[in-house]
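Fold and geometry: a report
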Amino acid sequence: MLGTVPNLRFRANGRAFARIAQFHPELTAFRRDLHAHPELGFEEVYTAARVREALKVCGVDEVHTGIGKTGLVGVIHGRRNGSGRMVGLRADMDALTMAESNEFAWRSTRAGMMHGCGHDGHTAMLVGAARYLAETRNFDGTAVVIFQPGEEGFAGARAMIEDGLFDRFPVEAVYGMHNWPGLRPGTIGLNPGPMMAAADKITIEITGKGGHGAHAYLAVDPVLVAGHIITGVQSIVSRNVRPVDGAVISLCALQAGDVHAMSVIPGKALLVGTVRTFTSEVQELVERRLTELCSAIALGFGATASVKYERVYPATTNSAREALFAAHVAESLVGADHVVRDLEPSMGAEDFSFMLQVKPGAYLRIGQGGEGSCMLHNARYDFNDDILPLGSALHAGLVEQSLPMHPA
């Protein structure tokens, strides 16, 4: 069965897409309401309440709230449960601390907050899948829909796990997806390995000896040391990491002295930045070389440097079997020509990685781009409502094909 939505530039196969397309306007209205009422990590009170209400109206069997603070989980039992199997689907709910520049009717009503990454769309897509699955129940087992708070730097996935997510709902695999402006609508991308990098924070504190700018020979200038460290650190990736292994080190902030004190050499300088890697081996190599190099450079100038290396988000790495399966599901929906099986990994980070450390699963990108589209975290970004039925159908397909109904 081929489904269509008026005015779309793509088509998709299957009963799920055809059915969900029928309530596309309702999903759009729901998504735009969330967009107008953005909430930050662990503050998603309105969002969670709207999701809870929607799941109950959809006929979801169980709704569990307060998991990982503002997270919630819906449980949908299939027409049969002879398999005893359980599959998880995850969507993130939080917004960003940025001001929106759009002028459409559903723009953010809250100053300094906006859905600049499309989590409003992810939430709506999973609600759409829940509605379809609860209505049809064409699977043997249990579907668990996970609405996660605090993806944008708050490690909401870890909070839900620590709050017993997978103890209470022991799924055998978990799947997540993210809209991607770099892919055209109707296109789905993934790969069987790293999808997104680990994100680590580095803080380098340099201690020298303050003094008068006119008598610099009596001081140990930490600003000078910081300059050499900034330059030297860029050699770590180019001269220590294999070219086939990805890594990025970015020192993004320097704090030292007082801009109103032109002739005062400060006693300390602070550098802050991020490290992005795909494997633990490269991550450990970069951490070790950062510590060694910064210390040695500072010592050469008579100063000291300490490196604080904080592991924030691990790499988001698909398990091979689940990635292959997800690619098959995507192909059944949009056709092989519209599935990118070797999608290039991103150096961005995603806390779905915590779930993939505990459970096998896959993270997919669903195209929403095209002419005039904005990249994520742009003040003029908006989720493309055209793809809502496609994302919902993809979620539903992952459940139905994971937990197929066999003849009695």
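Residues numbered from 1 in each chain as written. Predicted model: local features only at pLDDT ≥ 70, side-chain atom pairs only at ≥ 80, totals over all residues. Heavy atoms only, no water.

- Named according to an unreviewed UniProt entry, the chain is Amidohydrolase originating from Ramlibacter pinisoli.

**Some thoughts on the UniProt feature "domain: Peptidase M20 dimerisation" (unreviewed entry) in the chain**
- Summarizing the sequence annotation, UniProt attributes the feature "domain: Peptidase M20 dimerisation" (unreviewed entry) to residues 202-297 in the numbering used throughout.
- In the segment residues 202-297, helix accounts for 39% and strand for 31%; the C-alpha atoms at its two ends are 17 Å apart. (UniProt positions renumbered as here; feature names shortened; annotations may be inferred. Helix = DSSP H or I, 4+ residues; strand = E, 2+ residues; numbered from the N terminus.)

**Quick word on the domain arrangement of the chain**
- Annotation of the chain at the domain level lists domain 1 (15-196 + 315-403) and domain 2 (198-313).
- The C-alpha centroid of domain 2 is placed 38 Å from the C-alpha centroid of domain 1.
- With 19 residues of domain 1 at the interface, the matching set in domain 2 holds 10 residues.
- Taken over both partners, the interface formed by domain 1 and domain 2 buries close to 940 Å², and the fraction arising from carbon and sulfur atoms is 69%.
- When the buried area of domain 1 at its contact with domain 2 is split by residue, A315, M347 and A349 rank highest and sum to 58% of it. (Domains from an automatic or database assignment. Contact = heavy atoms within 4.5 Å. Buried area = accessible area lost by both parts, 1.4 Å probe.)

**With respect to the UniProt feature "binding site: Mn(2+)" (unreviewed entry) in the chain**
- As recorded in UniProt, the feature "binding site: Mn(2+)" (unreviewed entry) lies at C117, H119, E152, H178 and H377. On the basis of their most widely separated C-alpha atoms, the annotated residues across 261 residues gather in one place, lying no more than 13.2 Å apart.
- With respect to the helices, strands and loops of the structure, C117 is situated in the loop between strand 5 (86-92) and helix 4 (119-136).
- Not counting chain neighbours up to four residues away, the residues in contact with C117 comprise L96, H122, E152, H178, N179, L376, H377 and Y381.
- With respect to the element layout, H178 can be found in strand 7 (residues 173-180).

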